[in-house]
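Read off the chains here:
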Amino acid sequence: MSAELAIRDLEKVFSTGKPAVDGVSFTIAKGEIVVLLGPSGCGKTTTLRCVAGLEHPTAGEISLDGDLVSAPAKGILTPPRARNIGMVFQSYAVWPHMTVRQNVTYPLRTRGMTRAAMTAAVAEALDLVDLAAYADRPVTQLSGGQMQRVALARSMVYAPRLLLLDEPLSNLDAQLRLRLRDDLRRIIKRTGLTALYVTHDQQEAVVLGDRIGVMQDGKLRQMATPADLYNRPADQFVAEFTGAASMLPCRLVRREGEFGSVEMADGRRVEAWMPGAPAIGAAMVLAIRPENALLGAAGGPNCFTARVTSLRYQGTQTIYELDALGGRIEALELGTAARHAEGAEVSLTLPPALTWAYASLP
Ligand SMILES: Nc1ncnc2c1ncn2[C@@H]1O[C@H](COP(=O)(O)OP(=O)(O)O)[C@@H](O)[C@H]1O
Ligand SMILES: [Mg+2]
């Protein structure tokens, strides 16, 4: 049955010295999908492999429904097979000489099931991934997306306690990737499996995850719901990685709870949301997503004049590059017509709740 996963102070140091996973802690509730998101090399795969038992952690504890499966300090290291975890990888790990049905039946062969139980479980798994009609085809006749569905069915057919997926869509072409991305969440949710999904793709993370954990250099920077991550990024790295394209230097002049005023390079003041407890006078950066920089005067705080220095027309949207607040700010507007020309003076409104200030990185 689907289990809760708990990871505490996980650390993995390879012989090369620098920790690949550096004090990561989080839990995944039964039936929840958590996505680890981060740039290449930040430690996503290593974390996943530690959970699978394929990698021996240097320190920390991993437990499934309260059973410790990895705890180096206590000499505990349950072998991968005994953890009963399903895995799907980037490469299509299917057996090319077998049919779809044979591939999905394979993991059940050593589990002491009756023939009837095996047939039923395989039929259910194939149905779930929408491949029932392809059961007797050789897998080599399938598309990449279908092969990944076979891999998915095979990893779920024995009702694992946990499903691990490592960038399962990254070898598919763009169109298939989008289709399977949308299907994956539905499929996993229908099984009720607890899932840990790893990707470097923000869109994938947002569509699939109940919660998303952003990793950088082996550390978990923030774990939150997709909406919280996009509206309340905990630090400059998370803001930038999830799409805040404009970063302007500023200085804190006033604070009131989670909000405050910063002074920009041109002397203007901006109301912004700020996490943590920065000191008055501290050097900070103002982070703005292009979608949250509104062209036009909306009334209320944070309305400034700006000049369009360049624009990128993209058919259904236009990205304006603005000279404003002593720096450069990107603003995105939806629509098939660009409303402003290069050189135009425009009003720029920055909603305080969607304008974030962070202590400058050292
Ligand atoms: N077997 C290994 N030996 C040495 N270093 C490794 C090994 N596996 C991964 N690393 C290093 O650990 C870091 C994290 O890698 P990885 O977990 O694969 O990142 P991600 O999956 O986020 O791209 C990287 O610096 C990588 O080079
Ligand atoms: Mg990886």
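In this text, all values refer to a predicted model and were calculated from it rather than measured experimentally.

Participant: I'm lost on the overall build of the protein chain in this one. Help?
Facilitator: The number of helices and strands found in the protein chain is nine helices and 21 strands. Across its three principal directions, the C-alpha atoms of the protein chain cover 75 × 50 × 35 Å. Counting across all 362 residues of the protein chain, residues that qualify as buried make up 39%. Across the protein chain, every contact between residues at least 6 apart in sequence was considered, and the portion connecting residues at least 24 apart equals 65%.

Participant: What is the right way to look at the site of ligand 1 in this model?
Facilitator: In the vicinity of ligand 1, the residues found are Phe 14, Thr 16, Ala 20, Gly 38, Ser 40, Gly 41, Cys 42, Gly 43, Lys 44, Thr 45 and Thr 46. For the shell around ligand 1, the residue count by class is three nonpolar, seven polar and one charged.

Participant: Please explain the domain arrangement of the protein chain as it appears in this structure.
Facilitator: In many reports, interface size means the accessible area that the parts give up when they come together. What the domain assignment lists for the protein chain is domain 1 (5-231) and domain 2 (244-359). Computed from C-alpha coordinates alone, the two centres of domain 1 and domain 2 are separated by 39 Å.

Participant: I tried to follow the sheet that holds strand 16 (residues 294-295) on my own but got confused; where do I start?
Facilitator: Strand order in the open sheet made by the five strands is 16-20-17-18-19, with antiparallel pairing throughout. One side of each edge strand has no neighbouring strand; the edge strands of this open sheet are strand 16 and strand 19 (327-334).

Participant: Please clarify how the sheet that holds strand 3 (residues 33-37) should be interpreted in this entry.
Facilitator: The sheet built from six strands is open, its strands ordered 7-8-9-3-10-11 with mixed pairing. Only two strands of the sheet have a single partner each, and these edge strands are strand 7 (85-88) and strand 11 (219-224). Direction aside, the axes of adjacent strands within the sheet are offset by 20° on average. Here four bridges tie strand 7 to strand 8 (residues 162-166), and the two strands are oriented parallel to one another. Bridging across to strand 8, Ile 85 finds its partner in Leu 162. Relative to the sheet, helix 5 (residues 144-156) contacts strand 7 and strand 8, its axis offset from that of strand 7 by approximately 170°.

Participant: How should I be thinking about the nonpolar core in this particular structure?
Facilitator: The nonpolar side chains of a soluble globular protein tend to be buried, and buried together. The biggest cluster of nonpolar side chains holds 96 residues, and the ones touching the most others in it are Ala 153, Leu 164, Leu 196 and Leu 286. The dominant element in this core, judged by the number of residues it contributes, is helix 5, at six residues. Both of domain 1 (5-231) and domain 2 (244-359) provide at least three residues apiece to this core. Sequence-distant contacts of Ala 153, that is, excluding residues within four places in its chain, are made with Val 104, Ala 125, Leu 126, Leu 128, Val 129 and Leu 131.

Participant: Any chance you could explain the pairing of strand 2 (residues 19-28) here in plain terms?
Facilitator: Successive residues of a regular strand alternate their side chains across the two faces of the sheet. Pairing analysis gives seven bridges linking strand 1 (residues 5-13) to strand 2, with the strands arranged antiparallel. Across the sheet, residue Glu 11 finds its bridge partner in strand 2, namely Asp 22. Linking strand 1 to strand 2, which pair antiparallel, is a turn of five residues; within it Gly 17 sits at a positive phi near 110°.

Participant: Mind showing me how you'd approach unusual backbone geometry here?
Facilitator: Leaving glycine aside, a negative phi is the common case for residues, and trans is the common case for peptide bonds. In this structure, Asp 9 is a non-glycine residue whose phi angle is positive, near 50°. Structurally, Asp 9 is set in strand 1. Of note in the backbone geometry, Leu 325 takes a positive phi value of approximately 55° without being a glycine. With respect to the element layout, Leu 325 can be found in the loop between strand 18 (317-324) and strand 19.

Participant: What am I meant to see in helix 1 (residues 44-52) here?
Facilitator: For an α-helix, the turn length of 3.6 residues means that residues three or four places apart are oriented alike. Burial of helix 1 is extensive: nine of the nine residues sit out of reach of the surface. Inspection of helix 1 places Lys 44, Thr 45, Thr 46, Thr 47, Leu 48, Arg 49, Cys 50, Val 51 and Ala 52 among the buried residues, and these make up the whole buried set. Trailing helix 1 by a residue or two, Gly 53 shows a phi angle of about 90°, which is positive.

Participant: Would you mind going over the environment of Asn 103 with me for this structure?
Facilitator: Residue position: Asn 103 is located in helix 3 (residues 100-105). Residues Asn 103 and Ala 93 lie ten residues apart in sequence; the distance between their C-alpha atoms is 10.0 Å.

Participant: Explain the packing of helix 5 against helix 6 (residues 174-191) to me, please; I cannot follow it from the model alone.
Facilitator: Any two packed helices are characterised by how steeply their axes cross, that is the angle between the axes, and by the distance between the axes. The contact between helix 5 and helix 6 brings their axes to 11 Å, and the two run at 15°. On the basis of the axis angle, helix 5 is roughly parallel to helix 6. By crossing handedness, the relation of helix 5 to helix 6 is classed as right-handed. Here Gly 144, Gly 145, Gln 148, Leu 152 and Met 156 of helix 5 lie close against helix 6, whose contacting residues are Leu 176, Arg 179, Leu 180, Ile 187 and Thr 191. Within the contact of helix 5 with helix 6, the residues separate by chemical class into five nonpolar, four polar and one charged.

Participant: Sorry, what's going on with the environment of Leu 36 here?
Facilitator: Looking at where Leu 36 falls in the secondary structure, it is placed in strand 3. Each C-alpha atom of the pair Leu 36 and Leu 220 lies 8.7 Å from the other, and the pair is 184 residues apart in sequence. In this structure, Leu 36 is in contact with Lys 44, Thr 47, Leu 196, Val 198, Gly 213 and Met 215, ignoring residues within four places of it in sequence.

Cut-offs applied
- Every chain is numbered on its own, with residues counted from 1 as its sequence reads.
- Key to labels: chains lettered from A, ligands numbered from 1, both in the order written.
- pLDDT decides what is reported in this predicted model: residues at 70 or higher carry local features, side-chain atom pairs at 80 or more are listed and counted, and totals for whole chains, interfaces and linings draw on all residues regardless.
- Segments assigned H or I by DSSP are reported as helices when at least four residues long, segments assigned E as strands when at least two residues long, and all are numbered from the N terminus.
- Exposure in this text rests on C-beta crowding, where 20 or more other C-beta atoms within 10 Å of a residue's own make it buried, 12 or fewer make it exposed, and counts in between make it partly exposed. The C-beta atoms are placed from the backbone.
- Two residues qualify as a contact pair if the distance between their C-beta atoms, derived from the backbone, is within 7 Å.
- As a rule, any residue with its backbone-derived C-beta atom within 6 Å of a molecule or strand is reported as near that molecule or strand.
- Asp, Glu, Lys and Arg are counted as charged, while Ala, Val, Leu, Ile, Met, Phe, Trp, Tyr, Cys and Pro are counted as nonpolar; the rest, among them Gly, fall into the polar class.
- An automatic or database domain assignment supplies the residue ranges for each domain.
- By the convention used here, strands pair only if DSSP detects at least 2 bridges between them.
- Working convention: axes come from line fits to C-alpha atoms, limited for helices to the stretch in contact. Angles between N-to-C directions cover 0 to 180 degrees.
- Think of a nonpolar core as buried Ala, Val, Leu, Ile, Met, Phe, Trp, Tyr and Cys residues, each tied to the set through C-beta atoms within 7 Å.
- An angle below 35 degrees is read as roughly parallel, one above 145 as roughly antiparallel, one from 65 to 115 as roughly perpendicular, and any other as oblique.
- Rotating anticlockwise by less than a right angle from the far helix to the near helix defines a left-handed crossing, while the corresponding clockwise rotation defines a right-handed one.

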